[in-house]
Amino acid sequence: MNDVPARLEVEDLQENLRAVQEHLQQERPAAELRARLDRLHPADIAAVLEALPLEERLAVWNLVKADRDGEILVEVSDAVRESLIEAMDRGELVAAAETLEADELADIAPDLPAAVIEEVVQALPLEERERLRAALSYPEGAVGALMDFDHISVREDVTLEAVTRYLRRLDELPDHTDQLFVVDREQVLKGTLPLGRLIVSDLDREVRQVMVAESVKLYPQDRAEDAASAFERYDLVSAPVVDASGRLTGRLTVNAVVDYIREASAESQLAEAGLRQEEDVFAPVLDSFKNRWAWLAINLVTAFIASRVIGVFENSIAQLVALAALMPIVAGIGGNSGNQTITMIVRALALGQIQGTYWTKLLGKELGVALLNGAVWGTLLGAIAYAFYGNIALSGVMALAMMLNLLLAALMGVSIPWLRSRFGRDPAVGSSVLITACTDSGGFFIFLGLATLFLV
């Protein structure tokens, strides 16, 4: 859709951002900045917009050509897209949406006002309207929500020469076209024709003679995670998407898969820290507060519990001040170990590497790792405690507490994602907060409890 040359060098973002900031700060003619923006790829403009505070972002947004608004809205992050849409009136939104294809429009539809979507749908040709309704009918995270309707299909009984003539009549091939899809009269998928085979084969041969009959195919209801795994496993550039009857409905391309993986990875990182959704770094204070408060409240409760655990043993701490200096070490290393375990398991769950029958073996393996780490680092920290305080009993308590807290960290690192996945919850959400709470309170209780039994 876009004839603007792409600038894909990594350093361009900083270069473009500096240039935009200089134009804005020095109040240079808007025409100069507009000309620079016109030369940039929509993805580059989106990256610049995401790196600007709201006031400067809107100033740059107003200089972008109106016929490029839709392309840029597709490229920017969800959080930044909301700020841009809020600054546009209904007419501008309709005009921007009308420049997009059905699959692109489906990507930004959740952020657009319902009235705008309805007006755009009514203006679409019947075929595009049906495509858009189909794309919107699939849940987020399904192949159907990511698939592209723009593809090329050919019949199996035609010659390669006829296929070649057909392709030459097209202005251009759809992006990421590495194969043609072979169908019958009912549009049932029969196989694929890689462009490589088309180029090197005798043009007198029929498509059925050179096509790949057994190829990877996806269904709209398939999980996007499974599709991403298939693309990685088989090094795919594109794959056909068929309905329950085997009829070709669209295709999934590697760029959509890469975008999905990037977004899923970002969401997982945010979820582990307890953030409910992606956040614009320059979002208003109140919006950021709403995004962050929930898990901070949970963290406050768990911190209060940890403080009460310490309070229970305040007499012990008063009698042996060394406990106050050593107990954060036990809790801190336990938290680090637990985060390692939970990060590995959440990633394995996302990749589909853990099946229900193997959780027990996984737990046994993690407890074994914790036991070994506890023996090594507990002995080392016990020796350090003895070197500082000259108390053999204290060093023994330190070593034993370290081992027990690492075992607790392993147990909780497996149990938390297992329980959340078992009850249909995202195992990544708040995992870092929960494991730290368990290892802090548990570490304090174990260390101070052992100290009270053996030292005080």
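The preceding data block contains the structure.
Residues numbered from 1 in each chain as written. Predicted model: local features only at pLDDT ≥ 70, side-chain atom pairs only at ≥ 80, totals over all residues. Heavy atoms only, no water.

*Asks:* Residue-level account of the overall build of the protein chain, with values.
*Replies:* The secondary structure content of the protein chain amounts to 22 helices and 5 strands. Here the C-alpha atoms of the protein chain give a radius of gyration of 29 Å, more than 25% beyond the 23 Å that 2.2 N^0.38 yields for 456 residues. The buried share of the protein chain, taken over its 456 residues, is 41%. When the accessible surface of the protein chain is split by element, carbon and sulfur atoms take 55% of a total near 24,500 Å². Within the protein chain, one finds 39 positive and 67 negative side-chain charges whose respective centroids are separated by 5 Å. (Helix = DSSP H or I, 4+ residues; strand = E, 2+ residues; numbered from the N terminus. Rg over C-alpha atoms; globule rule 2.2 N^0.38 Å. Buried < 20%, exposed > 50% of the residue type's maximum accessible area, 1.4 Å probe, protein only. Areas by Shrake-Rupley, 256 points an atom, 1.4 Å probe, with all protein chains shown as cover. Lys, Arg positive; Asp, Glu negative; His and termini not counted. Charge placed at Lys NZ, Arg CZ, Asp CG, Glu CD.)

*Asks:* How would you sum up a nonpolar patch on the surface? Please name residues and give values.
*Replies:* Together, L372, V376, W377, L380, I384, F388 and Y389 make up a nonpolar patch on the protein surface, roughly 740 Å² of accessible area in all. For Y389, the location among the structural elements is in helix α20 (residues 359–389). (Patch = residues over 30% accessible without salt bridge, like charges linked within 9 Å, V, L, I, M, F, W, Y side chains within 5 Å. Salt bridge = Lys/Arg side-chain N within 4 Å of Asp/Glu carboxyl O.)

*Asks:* So, the environment of L362: which residues are in play, and what are the values?
*Replies:* Inspection of the secondary structure puts L362 in helix α20. On the basis of relative accessible area, L362 is assigned to the buried category, the value being 15%. Measuring from C-alpha to C-alpha, the distance between L362 and I345 comes to 9.3 Å, with 17 residues separating the pair along the chain. When neighbours within four sequence positions are excluded, L362 is seen to be in contact with M344, I345 and I354. (Contact = heavy atoms within 4.5 Å.)

*Asks:* Quick rundown of the sheet that holds strand β1 (residues 153–155)? Include the residues and the values.
*Replies:* Adjacent strands of a sheet pair through backbone hydrogen bonds, lying either parallel or antiparallel. Read from one edge to the other, the open sheet built from 3 strands follows the order β1-β2-β3, with strand pairing classed as mixed. Edge positions in the sheet fall to β1 and β3 (189–194), since each of these pairs with one other strand and no more. The mean inter-strand angle of the sheet, taken between neighbouring strand axes irrespective of direction, is 35°. Bridging between strand β2 (residues 179–183) and β3 involves 5 bridges; their strand directions are antiparallel. If you follow Q179 over to β3, its bridge partner there is P194. (Pairing = 2+ DSSP bridges. Axes fitted to C-alpha atoms, helices over the stretch in contact; angles between N-to-C directions.)

*Asks:* Hey, could you go over the packing of aromatic side chains for me, with residue numbers and the actual values?
*Replies:* Pairs of aromatic rings are described using the distance from one ring centre to the other and the angle between the two planes. Applying the stated criterion to the full structure yields 2 aromatic pairs. Aromatic side chains F313 and F445 sit 5.9 Å apart centroid to centroid with 65° between the ring planes, which places their arrangement in the edge-to-face category. Separated by 132 residues along the polypeptide, F313 in the loop between α17 (285–312) and α18 (314–319) and F445 in helix α22 (residues 431–454) bring together distant segments of the chain. Relative accessible area serves as the criterion here: at 10%, F313 is assigned to the buried category. Exposure remark for F445: the relative accessible area of 52% places this residue in the exposed category. (Phe/Tyr/Trp six-rings, centres within 6.5 Å; stacked < 30°, edge-to-face > 60°.)

*Asks:* Describe the packing of helix α19 (residues 322–350) against α20, and please don't skip the residues or the numbers.
*Replies:* Closest axis-to-axis distance for the α19/α20 pair is 12 Å, and the angle between their directions is 155°. Relative to α20, the element α19 is oriented roughly antiparallel. Judged by the twist between their axes, the crossing of α19 over α20 is right-handed. Every residue of α20 that contacts α19 at A322, A325, L326, I329, I333, T341, M344, I345 and L349 is listed here: W359, L362, K365, E366, L381, A385 and Y389. For the contact of α19 with α20, the per-class residue count stands at 13 nonpolar, 1 polar and 2 charged. (Parallel < 35°, antiparallel > 145°, perpendicular 65-115°, else oblique. Left-handed = near helix turned anticlockwise from the far one by under 90°. Nonpolar A, V, L, I, M, F, W, Y, C, P; charged D, E, K, R; others polar.)

*Asks:* Would you mind going over helix α2 (residues 30–38) in detail, with residue names and values included?
*Replies:* L33, R36 and L37 are the residues of α2 that are buried. One face of α2 carries all of its buried residues, which in axial projection span an arc of 100°. (Arc of directions from axis to C-beta.)

*Asks:* Run through the pattern of salt bridges, naming residues and quoting values.
*Replies:* Per the stated rule, a full pass over the model turns up 15 salt bridges. In this structure, D38 and K65 form a salt bridge, with 3.9 Å as the shortest nitrogen-oxygen distance. Residue D38 is located in helix α2, and its partner K65 is located in the loop between α4 (54–61) and α5 (69–75); the two are separated by 27 residues in the primary sequence. R165 is the salt-bridge partner of E161, the closest N and O atoms lying 3.6 Å from each other. Pair noted here: E161 and R165 are both in helix α12 (residues 160–168), with a separation of 4 residues, about one helical turn. The class for E161 is partly exposed, based on a relative accessible area of 37%. A network of salt bridges, in which partner residues are shared, links D78, R81 and D111.

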